[in-house]
Amino acid sequence: MNKWLILFTILFSWGCTSPEDAPTQKIVVTEISHNVEHVSLFGTKITSYWPDPPTVKICPGAGISIERVRYAVRFWERAGYTFGPIIQAPRIAGYRCEAYIGEIVFRTPTQQEISEAVQMSRLGVTKTSFDRLSQQTIMSEIYFQTQVASHREKIVEHELGHALGWKHHSRSSHIMHPNLDETGMSVIGVRVEDYNARIADMLLEDSRSGRR
Ligand SMILES: [Zn+2]
């Protein structure tokens, strides 16, 4: 079924040589290709979009508190976004907590994902699955290389921005700037009205190219 050909995108953020040496850390930005494109002020792009407000789920052992997640969700709500409930998945023996359709999930990384994150100097990783034809997000998963990383200021907000669908922004002090040193709380160009405009652009482009 072509419709369910799922594209998988991985948005990495914020590399640093060692998350433990926080005060003097040397930031190394090593991004995958689509993430390094520098964009104009209002040119930030989305990879995909949520057709309905996503539920936010926190898996046991994800290394982040529900309070911290609520705080990050409120940041995006102030920019106009709507989310579903924020829930904590119970710890059940033998059950692996993972993302379901319509969810943004904070989860534990696998050993391989930790190794990759360390190797690539990634503090936080967001993986999003979306429908290639409709460009609608199906689910999104966020994990951190270490618990230390998840406690960094702005990192949860940044990853949540990726989970919403946003790519990076080249403006300094912007929440979606790829370099932790230059990241700030600005949401210029990534507010919900910008999101809706990008969706409209994307759908228009699709109809022109006959994809829909
Ligand atoms: Zn990022």
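Residues numbered from 1 in each chain as written. Predicted model: local features only at pLDDT ≥ 70, side-chain atom pairs only at ≥ 80, totals over all residues. Heavy atoms only, no water.

**Q** What is the right way to look at the overall build of the chain in this model?
**A** On a plain count of helices and strands, the chain comes out with six helices and six strands. Element order for the chain, N to C, with α for helix and β for strand: β-α-β-α-β-β-α-β-β-α-α-α. Out of the 212 residues in the chain, the part that is buried amounts to 51%. Counting only contacts in the chain whose residues sit at least 6 apart along the sequence, the fraction spanning at least 24 positions is 72%. For the chain, the exposed surface amounts to about 10,200 Å²; the carbon and sulfur share of it is 55%. (Helix = DSSP H or I, 4+ residues; strand = E, 2+ residues; numbered from the N terminus. Buried < 20%, exposed > 50% of the residue type's maximum accessible area, 1.4 Å probe, protein only. Contact = heavy atoms within 4.5 Å. Areas by Shrake-Rupley, 256 points an atom, 1.4 Å probe, with all protein chains shown as cover.)

**Q** Just checking my understanding: could you explain unusual backbone geometry for this structure?
**A** Leaving glycine out, the prevailing phi sign among residues is negative, and the prevailing peptide bond configuration is trans. The phi angle at S121 is positive, at roughly 55°, despite the residue not being glycine. With respect to the secondary-structure elements, S121 resides in the loop between helix 3 (111–119) and strand 5 (124–131). By relative accessible area, S121 is classed as buried at 16%. Positive phi outside glycine occurs at S173, with the angle close to 70°. If you trace the backbone, S173 turns up in the loop between helix 5 (155–164) and helix 6 (192–208).

**Q** I would appreciate a short explanation of the side chain of H177 in the present structure.
**A** In this fold, H177 is placed in the loop between helix 5 and helix 6. On the basis of relative accessible area, H177 is assigned to the buried category, the value being 6%.

**Q** Explain the packing of aromatic side chains to me, please; I cannot follow it from the model alone.
**A** Any pair of aromatic rings gets described here by the distance separating the centres and the angle formed by the planes. Counted according to the given criterion, the structure contains five aromatic pairs. Between F75 and W76 the ring centres are 5.3 Å apart and the planes differ by 85°, which places this aromatic pair in the edge-to-face class. With relative accessibility at 0%, the residue W76 sits in the buried group. A centroid spacing of 5.2 Å and a plane angle of 75° characterise the contact between Y81 and Y195, whose relative ring orientation is edge-to-face. Of the two residues, Y81 sits in the loop between helix 2 (66–78) and strand 3 (86–88) while Y195 sits in helix 6, which places them 114 residues apart along the sequence. Taken individually, Y81 and Y195 each receive the classification buried, so the pair is uniform in this respect. Counting every residue linked through ring pairs, the aromatic cluster contains F75, W76, Y81, W166 and Y195. (Phe/Tyr/Trp six-rings, centres within 6.5 Å; stacked < 30°, edge-to-face > 60°.)

**Q** Honestly, the coordination of the zinc ion in this entry has me stumped. Any pointers?
**A** Geometry reference: four tetrahedral donors at a metal, ideal angle 109.5 degrees. Six octahedral donors, ideal angles 90 or 180 degrees. On the protein side, the zinc ion has H158 (NE2), H162 (NE2) and H168 (NE2) as donor atoms, found 2.0 to 2.1 Å from it. Written as a sequence motif, the donor arrangement for the zinc ion is H-x3-H-x5-H. Taken together, the residues span a long stretch of sequence, with H158 in helix 5 and H168 in the loop between helix 5 and helix 6 at a distance of ten residues. For H158, a relative accessible area of 0% puts it in the buried group. (Donors = N, O, S within 2.8 Å, 3.2 Å for Na, K, Ca; no water.)

**Q** What am I meant to see in the pattern of salt bridges here?
**A** Pairs can form between side chains of opposite charge once their charged atoms are near each other. This structure, assessed with the given rule, holds eight salt bridges. The salt bridge involving E98 is made with R96; its shortest N-O contact spans 2.8 Å. For E98, a relative accessible area of 32% gives the class partly exposed. A salt bridge links E113 to R107, with the nearest nitrogen and oxygen atoms 2.8 Å apart. By the burial criterion, E113 is buried, and R107 matches it. Among the charged side chains, a salt-bridge network with shared partners connects R107, E113, K127 and E141. (Salt bridge = Lys/Arg side-chain N within 4 Å of Asp/Glu carboxyl O.)

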